[in-house]
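Chain by chain, the residues run as shown.
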Amino acid sequence: MAVVFALFLTGLFFSNQAFANEQPFKQWLADLKNEAAGKGISAKTLDEALTGIEPIPRVIELDRRQPEFTLTFRDYMDRMVNAKRIVKAQTTIRANAKLLNEVAAKYGVQPQYLVAFWGLETDFGRLASGYFPVIPALATLAHDSRRGKFFRGQLIDALRILDGGHIDLARMKGSWAGAMGHFQFIPSTFNAYAIDYDGDGKRDIWTNNKDALASAANFLANSGWQRDEIWGREVKVEDSFDFTNVSLKIKKPLSAWQALGVRRINGKDLPKADVMASLLAPAGHVGPKFLVYGNFRAIMRWNQSQFYALAIGHLADRIIGKGPLSTLGPRDEKSLSFAQSEELQQLLIDAGYDPGPADGIIGSMTRDAIRAFQKDNAIVPDGHPSAEVLARIRAKNP
Ligand code: CA
C-alpha cells in the first residue's frame, strides 16, 4: 500500500554495494527465524515459508531504480484518470453495487472512492494476484541494509498473516516491496486493518472482493474519512490572489477562502459550510486550483503524493458523472528531470531553505521551500517546480 510508497522512493541514488549486508543470507535467515519463533509464529509456518528461500536480485534492482523523468500534473492525470479508466470504473461500480453500498453503509466510505482506489491500485483487481512471492521478496529487502529494519518488521508481519491461515504460501504474492491484493496492503497494514467481511475465517484481500473492499474502507474509516463529505473541489481564484496561501500546511474555513477571492469553478460563491480547507495548485499558478478538505488528508494517509490524492478525488467525481477539470495546466510544460529535481532541492538547501532531503521527489516540503524562494525573489509564489525556478536559483548560485 501506498502508505509507504513515499518511503520506498527515498534514497534512490544509493549503489548496491553501499548496502550489502556483511552477514551471509543463510545465517541471517536463521536469526530471523529465531526472532519470529520468539514472537509466537509456529515452527510449521516458519519451516514451510523460510526453508530454502534465496534473495531475489530483481527486487534489489527495483529498489535501486531511479526514474529519469518526473511527470507533470497533466501527464499524471492523463495516465491515471483517462476515459478508458472512467468507463471501466463506472462498469465496476455497477457490477458491484450491492456489495459497495453495504460496505459504504458499514464503514462510511462512499462507493465511488473505493472504486477509485481499486482502479489506481490494481486496475480494479486485474493485478491483484501479484507477481513476486511475498516472503522471499521481503526477506531480500529485510536482509539488505538500506531499509532492512522496516522490511524486517514487514517480513515478521507477513509470516504472522501466513500463520493465521489467511492465505496459502503459494498464493501469497504481491509487488516487489510486499504490497498485496486488490488494494496493495503491506503486511503491517493488513494486520492492523484487513477485514474478514464474509465471515469465512480468512481475511482474503487477494481473491475475495468482499474482504478486499471492506479492508480498504476500514483503513479509510480509521484514517479519518467522513461519510458525508467530499474530498474537495476545483476552484478559481482572482488575478490578485496571494499564492503564499497555497500550502497543505495552511488550513482556513471556507468563509476565509471566500474573502480571499476563491470561488467555485463556475464563479459562484463557495458553500456556506463549516469546513476547513487548504488550497493546492499542483501545476502552478497557471494550472488548476483545488480546495481540499479532511477526506483529502485521509487519502494522503494512504499515499503521501498530492497528485495521487487529486487523482483519487477527481476519478471518484468522474465515476458519479461530474465533469472534467477546467484545465490540467499548460500543454507544453516539460517537467524537470529527476536529476534536475534533485539539483533544485540541493540549491534550495544551499540557499538556506528547507525542501527536505535532496532525493528528487517533489513533496509538500519541497513545494513550500520553492514558494519561500519565489516570494523572496518576486516570482509568483505558487510552489511549482518549474524550469523557470530552477534557472533563477541556478543564476543565484553560479
Ligand atoms: Ca473472508
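Here the residue numbers are simple positions, counted from 1 along each chain's written sequence. In keeping with the model being predicted, local features are shown solely for residues with a pLDDT of at least 70 and side-chain atom pairs are shown and tallied solely at 80 or more, while totals for entire chains, interfaces and linings include all residues. Side-chain measures here rest on the full set of heavy atoms in the structure, leaving out hydrogens and waters.

Caption draft 1: Seen up close, the domain arrangement of the chain. Each domain of the chain was delimited in the assignment, giving domain 1 (8–65 + 128–221) and domain 2 (338–396). The straight-line distance from the C-alpha centre of domain 1 to that of domain 2 is 36 Å. Domain delimitation in this document rests on an assignment produced automatically or drawn from a domain database.

Caption draft 2: The sheet that holds strand β3 (residues 232–237), seen in detail. In this description, strands pair whenever DSSP reports at least two bridges between them. Here a helix means four or more residues in a row that DSSP labels H or I, a strand means two or more in a row labelled E, and each is numbered from the N terminus. A sheet is described by the order of its strands in space; here five strands give the open sequence β4-β6-β7-β3-β5, paired in antiparallel fashion. Each edge of the sheet is formed by a strand with only one pairing partner; in this case those strands are β4 (252–253) and β5 (262–264). As judged from the three bridges shared by strand β6 (residues 276–280) and strand β7 (residues 289–292), these two strands associate in the antiparallel manner. Among the inter-strand pairings, Ser 278 is bridged to a residue of β7, identified as Val 292.

Caption draft 3: Fine view of the packing of aromatic side chains. Stacked, edge-to-face and tilted are the three classes for Phe, Tyr and Trp ring pairs, Trp counted by its six-membered ring, which pair at centre distances within 6.5 Å; planes under 30 degrees apart are stacked, over 60 edge-to-face, the rest tilted. Under the defined criterion, the tally for this structure stands at 20 aromatic pairs. Their ring planes at 65° and their centres at 6.2 Å tell us that Phe 73 and Phe 290 sit as a pair that is edge-to-face. Residue Phe 73 is located in helix α5 (residues 73–80), and its partner Phe 290 is located in strand β7; the two are separated by 217 residues in the primary sequence. Residue exposure (1.4 Å probe, protein chains only): buried if accessible area is under 20% of the type maximum, exposed if over 50%, otherwise partly exposed. We classify Phe 73 as buried; its relative accessible area is 2%. Grouping aromatic residues by their ring pairs yields a cluster made of Phe 117, Trp 118, Phe 183, Phe 185, Tyr 193, Phe 219, Trp 302 and Tyr 308. Any Lys NZ or Arg CZ that is within 6 Å of a ring centre and within 35 degrees of that ring's normal is treated as a charge sitting over the ring. Positioned above the aromatic ring of Trp 257 is the side chain of Lys 252, whose terminal nitrogen or guanidinium carbon lies 5.8 Å from the ring centre.

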